[in-house]
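Each chain, written out:
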Amino acid sequence: MYEDKTLVCKDCGNEFIFSAGEQAFYAEKGFQNEPTRCRDCRQARKAARPAPGTPREMHDAICAECGKPTQVPFLPREDRPVYCSECFAARRG
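Remember, predicted model here, so these are calculated numbers, not experimental data.

### Describing the overall build of the protein chain
Inference 1: Across its full length, the protein chain carries 3 helices and 4 strands.
Inference 2: Reading the helices (α) and strands (β) of the protein chain from amino to carboxyl end gives β-β-α-α-β-β-α.
Inference 3: Over its C-alpha trace the protein chain gives a radius of gyration of 21 Å, far above what one expects of a compact globule, namely 12 Å for 93 residues.
Inference 4: Viewed in the frame of its principal axes, the protein chain has a C-alpha envelope of about 60 × 30 × 30 Å.
Inference 5: Across the 93 residues of the protein chain, 20% fall into the buried class.
Inference 6: Pairs at least 24 residues apart make up 17% of the contacts formed inside the protein chain by residues separated by at least 6 positions.
Inference 7: Carbon and sulfur atoms make up 49% of the accessible area of the protein chain, which amounts to about 7800 Å² in all.
Inference 8: Put simply, the protein chain has 15 plus and 14 minus side-chain charges, and the middle of one group is 4 Å from the middle of the other.

### As for a positive patch on the surface
Inference 1: The grouping of K10, R45, K46 and R49 at the surface amounts to a positive patch.
Inference 2: Here R49 shows up in the loop between α2 (39–48) and β3 (59–62).
Inference 3: A relative accessible area of 54% means that R49 is categorised as exposed.

### Topic: the nonpolar core
Inference 1: L7, C9, F16, F18, Y26, C38 and C41 form the largest nonpolar core, which has 7 residues in total.
Inference 2: With residues near it in sequence (within four places) discarded, L7 still touches N14, E15, F16, F18, E34 and P35.

### A word on the pairing of strand β2 (residues 15–18)
Inference 1: Residue alternation in β2 divides its side chains into a buried set, F16 and F18, and an unburied set, E15 and I17.
Inference 2: Between strand β1 (residues 5–8) and the antiparallel strand that follows it, β2, lie 6 residues; G13 among them carries a positive phi value of about 80 degrees.

Calculation notes
- Residues numbered from 1 in each chain as written.
- Predicted model: local features only at pLDDT ≥ 70, side-chain atom pairs only at ≥ 80, totals over all residues.
- Heavy atoms only, no water.
- Helix = DSSP H or I, 4+ residues; strand = E, 2+ residues; numbered from the N terminus.
- Rg over C-alpha atoms; globule rule 2.2 N^0.38 Å.
- Buried < 20%, exposed > 50% of the residue type's maximum accessible area, 1.4 Å probe, protein only.
- Contact = heavy atoms within 4.5 Å.
- Areas by Shrake-Rupley, 256 points an atom, 1.4 Å probe, with all protein chains shown as cover.
- Lys, Arg positive; Asp, Glu negative; His and termini not counted.
- Charge placed at Lys NZ, Arg CZ, Asp CG, Glu CD.
- Patch = residues over 30% accessible without salt bridge, like charges linked within 9 Å, V, L, I, M, F, W, Y side chains within 5 Å.
- Salt bridge = Lys/Arg side-chain N within 4 Å of Asp/Glu carboxyl O.
- Core = buried A, V, L, I, M, F, W, Y, C linked by side-chain atoms within 4.5 Å.
- Pairing = 2+ DSSP bridges.

See the structure below:
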């Protein structure tokens, strides 16, 4: 039913084989997309992620809505507004 496919890694540009067995596994798990990275690049990305439970680096910011100081888990940019958790929740609801 499945045949080996040659794909190109979007990170390193090298070709890699998406085997028939891997395709069957993906189908069994309900995955819709083929892998976009080779095994080495997938492992490198996984190793670069912080360990679970590691506290995130927080950055100081001023809420664009109410003016209160707040902290956010991303580096604020000048061209995008940042909201405290209360104002952010109010904007979503």
